[in-house]
Structures are given as structure tokens and as C-alpha cells.
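Residue strings, one per chain:
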Amino acid sequence: MEEEKGDGSRVLLLHNAVIVTMDNDLRVFQNGSVVVAGDRIEAIGRSSDILREFSDRANETLDLEGRFLLPGFINTHVHTSQQLARGIADDVDLMTWLHARIWPYESNMTEEDSYLSTLLCGIELIRSGVTCFAEAGGQHVSGMARAVELLGLRACLVQSTMDSGQGLPTNWSTVSIDHCIESQIELYKRHHNTANGRIRVWFGLRQIMNATDELIAATREIAQELKTGIHMHVAEIPFENELVMDTRKVDHGTVSYLDKLGLLRSNLLAAHSVWVNDDEIRSLANADVKVSHCPAAAMRMLGFAPIKEMLDLGVCVSLGTDGAPSNNRMSIVDEMYVASLINKGREAYIKGSTSPTALPAEVMLKMVTANGAKAVLWDDDIGSIEAGKKADMVIINPFSWSMLPLHDSISSLVYCMRTENIESVMCNGQWIMKDKKILNINEEEVISLAVKASSNILKRAGISLPQRFNLIC
Ligand SMILES: Nc1nc2[nH]cnc2c(=O)[nH]1
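Just so it is clear, the model here is predicted, and its values are computed rather than measured.

Enquirer: Lay out empty space enclosed by the protein with the relevant residues and their values.
Expert: Using a probe with the size of a water molecule, rolled over the atoms, empty space left in the structure can be pinpointed. Scanning the entire structure with this criterion turns up two cavities of 30 Å³ or more. Empty space within the largest cavity amounts to approximately 120 Å³. Forming the walls of the largest cavity are 13 residues, and the residues nearest its centre are Leu94, Trp97, Leu98, His233 and Glu236. Secondary structure elements with two or more residues in the lining of the largest cavity: α2 (94-107), β10 (203-207) and α10 (295-302). The dominant element in the lining of the largest cavity, judged by the number of residues it contributes, is α2, at three residues. Here the residues of the lining of the largest cavity sort into five nonpolar, five polar and three charged.

Enquirer: Account for helix α16 (residues 409-416), naming residues and giving values.
Expert: Listed in full, the buried residues belonging to α16 are Ser411, Ser412, Leu413 and Val414. Buried positions along α16 lie against β1 (11-20), β5 (68-71), α13 (332-351), α14 (361-367) and β15 (393-396).

Enquirer: Pulling in residues and values, what's your account of the packing of aromatic side chains?
Expert: When we look at a pair of aromatic rings, we describe it by the centre distance and by the angle of the planes. Inspection of the entire model under this criterion finds one aromatic pair. Positioned above the aromatic ring of Tyr115, the side-chain terminus of Arg146 is 3.9 Å from the ring centre. Above the ring of Trp378, the side-chain terminus of Arg154 is found at 5.0 Å from the ring centroid.

Enquirer: Can you break down the nonpolar core residue by residue, with the values?
Expert: If you look at the biggest cluster of nonpolar residues, it comprises 120 residues, and the most contacted ones within it are Phe73 and Ile396. Looking at this core, the element that brings in the most residues is helix α3 (residues 111-127), giving eight residues. If you count residues domain by domain, this core takes at least three from each of domain 1 (7-71 + 383-438) and domain 2 (73-375). Beyond its immediate sequence surroundings of up to four residues, Ile396 is in contact with Arg67, Phe68, Leu70, Phe73, Met403, Leu413, Met417, Asn421, Ile422 and Glu423.

Enquirer: Tell me about the sheet that holds strand β9 (residues 199-201), and please be specific about residues and values.
Expert: Judged by pairing direction, the sheet is parallel, and its four strands sit side by side in the order β6-β7-β8-β9 without closing on themselves. Two strands bound the open sheet, and with one partner strand each, they are β6 (73-78) and β9. Strand-to-strand twist in this sheet, taken as the mean axis angle between neighbours without regard to direction, amounts to 10°.

Enquirer: A description of the site of the ligand should follow, citing residues and the corresponding values.
Expert: Near the ligand, the surroundings consist of His79, Gln82, Leu94, Trp97, Leu98, Arg206, Gln207, His233, Glu236, His272 and Asp322. One of the side-chain nitrogen or oxygen atoms of Glu236 is found 2.6 Å away from a nitrogen atom of the ligand. Protein burial of the ligand: of its 280 Å² of free accessible surface, 100% is covered by the chains. A molecule is said to occupy a pocket when more than half its atoms come within 2 Å of that pocket's grid points, and by this definition the ligand occupies the largest cavity.

Enquirer: Explain unusual backbone geometry residue by residue, including any values.
Expert: Most of the time, phi is negative for any residue but glycine, and the peptide bond is trans. The residue after Asn327, namely Asn328, is reached through a cis peptide bond having omega 5°. Looking at the secondary structure, you find Asn328 in the loop between α12 (324-327) and α13. Cis geometry is adopted by the peptide bond preceding Pro405, which originates at Leu404 and carries an omega value of -5°. Among the structural elements, Pro405 can be located in the loop between β15 and α16. Backbone geometry places Leu26, a non-glycine residue, at a positive phi of 50°.

Enquirer: Can you tell me about the confidence of the model for the protein chain, naming the residues and giving the values?
Expert: Per-residue pLDDT for the protein chain has a mean of 96; in total, 98% of the residues score no lower than 70. Confidence drops under a pLDDT of 50 for residues 1-6, and excluding neighbours within four residues, the segment shows eight contacts in the predicted structure.

Enquirer: Can you lay out the pattern of salt bridges for me, pointing to particular residues and giving the numbers?
Expert: Scanning all chains against the criterion turns up 24 salt bridges. Between Arg67 and Glu423 there is a salt bridge, and its shortest N-O distance comes to 2.5 Å. Note that Arg67 is positioned in the loop between β4 (60-63) and β5 and Glu423 in strand β16 (residues 422-427), a separation of 356 residues in sequence. Judged by its relative accessible area of 16%, Arg67 is buried. On the accessibility criterion, Glu423 (13% relative accessible area) is buried. Among the salt bridges present, the one from Arg248 reaches Asp213, with a minimum N-O distance of 3.1 Å. Of the two residues, Arg248 is situated in helix α7 (residues 238-248) and Asp213 in helix α6 (residues 213-225); the sequence distance between them amounts to 35 residues. One connected set of salt bridges, linked through shared partners, spans Glu65, Arg67 and Glu423.

Enquirer: Explain the domain arrangement of the protein chain residue by residue, including any values.
Expert: Accessible area lost during the coming together of the parts is what is often quoted as the interface size. According to the domain assignment, the protein chain consists of domain 1 (7-71 + 383-438) and domain 2 (73-375). The gap between the C-alpha centroids of domain 1 and domain 2 is 29 Å. Facing the 26 residues of domain 1 at the interface are 32 residues of domain 2. The salt bridge involving Arg154 is made with Asp392; its shortest N-O contact spans 2.7 Å. Inspection of the region where domain 1 meets domain 2 yields eight residue pairs in polar contact (both at pLDDT 80 or more). Looking at the side of domain 1 that touches domain 2, the elements with two or more residues in it are β5, β15, α16, β16 and β17 (430-434).

Enquirer: Could you give me a rundown of the side chain of Ser292, with the residues and numbers involved?
Expert: Mapping Ser292 onto the fold places it in strand β13 (residues 290-293). Its relative accessible area of 0% is what places Ser292 among the buried residues. Here the side chain of Ser292 touches Thr76 through a polar contact of 2.8 Å, side chain to side chain. In this view, Ser292 contacts Thr76, His77, Leu269, Ala270, Ala271, His272, Ser318, Leu319 and Gly320; residues no more than four positions away in its chain are not counted.

Thresholds, definitions, all that
- Residues numbered from 1 in each chain as written.
- Predicted model: local features only at pLDDT ≥ 70, side-chain atom pairs only at ≥ 80, totals over all residues.
- Heavy atoms only, no water.
- 1 Å grid on protein atoms, 1.4 Å probe; cavity = no way out; pocket = protein on both sides within 12 Å on 5 of 7 lines; lining within 4 Å.
- Points joined across faces, edges and corners; volume = space filled by probe spheres on them.
- Helix = DSSP H or I, 4+ residues; strand = E, 2+ residues; numbered from the N terminus.
- Nonpolar A, V, L, I, M, F, W, Y, C, P; charged D, E, K, R; others polar.
- Buried < 20%, exposed > 50% of the residue type's maximum accessible area, 1.4 Å probe, protein only.
- Contact = heavy atoms within 4.5 Å.
- Phe/Tyr/Trp six-rings, centres within 6.5 Å; stacked < 30°, edge-to-face > 60°.
- Lys NZ or Arg CZ within 6 Å of the ring centre and 35° of its normal.
- Core = buried A, V, L, I, M, F, W, Y, C linked by side-chain atoms within 4.5 Å.
- Domains from an automatic or database assignment.
- Pairing = 2+ DSSP bridges.
- Axes fitted to C-alpha atoms, helices over the stretch in contact; angles between N-to-C directions.
- Near = heavy atom within 4 Å.
- Polar contact = N/O pair within 3.5 Å; in protein donor to acceptor, adjacent residues only side chain to side chain.
- Areas by Shrake-Rupley, 256 points an atom, 1.4 Å probe, with all protein chains shown as cover.
- Sits in = over half its atoms within 2 Å of the grid points.
- pLDDT = per-residue confidence, 0-100.
- Salt bridge = Lys/Arg side-chain N within 4 Å of Asp/Glu carboxyl O.

Next comes the structure, spelled out in C-alpha cells:
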């Protein structure tokens, strides 16, 4: 292998791969090659053509021996700060989950805790083929940013803001509108477009139950001015809609009210959106709001989201894992499988018949690639394997008991693939996992530090979990 010529001019030729491009024409190259120059894809095509044209220029040529090459997966709803809280709030309802466990936990985290939590979360994201994620909101964006930069991932980071409502911890970092907006502008100035352009800073609204109209309006304006996105939990439980109807006097719930406030715009990433009616789905579609569907977390605490209806009416739906205490797996690979099964089952139940055709495998793959890229407002650069796009990709080894035989590649990627089949991951032209080794951190060290930090936070927050069984010793 030749030495690298330096970042901008390094040319890597990956050949003999099954390339599922996820471009607009859904092209697949059965024996294809990709040329990576610096941080971008320079060319893609048949292996024989690419080898002929680029072999002389390549610093490195890698034979993928029939493995799959796909765009890096995009996880559009992740709470990196909750990774250390996995298991502290299982089998409880959302309000108890938030008020008695998760907010006390989050509000007792330091920036260093958030850094460790994001590193630990990043390991799980990368191992499931994720190259880009949308943070759903914690308190210490600087800790997250430090970890994202080190891991080599791409991310849209947000601070979680709340200025009113029930359950707000006394030590929450942002409680007045001015403070919410000012601290986010400060974070935007410090971190937006850092890490070689891999980090973007968005604005966060935790949920309508903890946001005044003034905070929502101010967030809408500043995000518009800075041309960035807004991430918010939307229409999660019936109680949320009821509260909005009671206190804010609208016919239905959160989505109707956000429409009134002018928040429904193409830069809004609306997580969950479970309890929405047809009119509200139309409003989401008309405003080009992006929805992050998190099926496992929804099954645990929220309910069935009308995803088929959203897709039929033209909403851009992507996939998210949510956080470790609400899923509890952070594998987007598992999430594709779960989403597919849940939505087929829901459709069958509604129709009173079977519905195997609902949300087929190709739709699932689109959700974690092209739709994910639109959701994070980065589709000019990521979401498909095309010349000119950033080199964010995942290499999948299908030659295992879990995926063979490969009669239908696209369905195998959704229904058979396991996290263990993800072999290598590249973000921005750099390998961040190669042959299953995470490259930029010491995984064991991170796990050990993170576990220690997690019990200290639990103590500081004064959270003790009820015993489920009769503990003898
Ligand atoms: N699932 C989930 N729902 C929320 N609603 C407000 N915050 C959260 C959160 O952290 N997770």
C-alpha cells in the first residue's frame, strides 16, 4: 500500500462491491467501484471501467470481494446524553420517565459526563453503520461536540431547552427565553461548521408541554435567520394533545397549534409525531416538515405512529433510535427491521386483513439514507453514493449465517442484516471503523470511564430504582 499523499489528494479506490447507491434512480452496481478523493466521492461506476480509468491515480485500492457498499446510515433522533442512563427508566409511562428519572439524571450531568456519554453512544451508532445523526437535545453541547469530533462522525447537535411547564428540574440549565436563545446562539457560534464541517448546530425545543409560545416563536425566528434546523418532540402521547387543547384552545393538538404558531416549516424535524390526525399529516406534508419515526421507543411509551398515512400523503419520514433509556438499543439496523414489522402489523390491524406490502424493504432503506439526509438538511452532500457527494459510506459483509443466501439483496439488507454484519464505516472520506475496529478511540477505556460516570450521576441525582424481584444478596 502506498503512503497517503495528504488529505485533499488522497485517492482511494474501492472495487468489486455491490453498490446500492440510493440515488434518485435507485441504481445498483452488482460489481461496482467507488473512487474517494479527499473527503468526497469522485466517481462511481462498473469496476472494470473505474479500474481502467483510476488505477494509476489511486494511492490505495481495496477489493471488497462482493461486500455491499451503501451510503452511511442517518439516525435522525438520538439522545447522546442519555446513553449513560440506559436501564434507569424501563416499563414506566412517559411522564414518570421524564419527571422522575430522565430529567433529574440529565440535569445532574457535567460536560465531561456528556462527553463520555456521547463517546459511548457513538460506539453503538458507528457499529450499526451510522455516519450522521441528529441529536435530540441534552444540556452540554460542547461535550457532545468534542466527542463527535474525536469519533469522526457527522452530526446536527442541539441543546435541549425548556422554559415552562411541569417537571422542570430546578437545576435545569435554560429556564428563561432569553437564556434559552442566547445560550444556543453562543453554542452555534462556537461549534457550527466545526470538525471539518461535520458538526452543525441546530436549535432545540424539548416539547410543547415545556415551551411557551414566546420561546417557540423566538426559536422559529433565530433558526430562520441562521438558516439552520429545529429539533422537537411532537405529539407523543394523547395527554400532550389534551393539554394543548385545554390550555391553548385549538381543535386538535400539538401539530395544529405549531401550525398556528408558524413553526411548521421545512427546517423542523418533528420527532415521533404519533398522535396526529389526517389534517395534521397534510399540514406536515404541505410545510415539508420532516418526521423522525422511532418505532421501538414509540412501542415502549407512545403508541403506533401513522407512518403509512404520512408516506402516502408525502411526508418525508426518516428513522431514529431515540435514546438508550427509551429503546434500549441504539442500532439503526434493528430499527429498520422493527419499523417494517410494526407498520405492516398496524396496517393489517386497521384493515382487518393482512398487509405484507406495507412499508417494503426499499422504503426502509430510503428512510435511513436519502430521507435521513433531507431530514438533517444535508441532502446536497450525503444520503446517496454519487460523484460529488461526501464520502460517507458503510461496508456490509453479508457472508454469514445471518444473511445467506442472498436471493434478494434489498430485502436481505432490511430483514436479515444484523449489526454484526456492519464491517467498516467511512465518514467524510476517513475510516472511522475498519474491519469492526473503531479507530479513533479506545473502546474499552471509554466503556470503563462511562460506567463509572453513570453511577456517580445516578447518586448525585438521588435516583434509586425499585427492586423488581426478591433480591437475596
Ligand atoms: N422519548 C422521549 N420523549 C421525550 N419527550 C421529551 N423529552 C423526551 C425524551 O428525552 N425522550
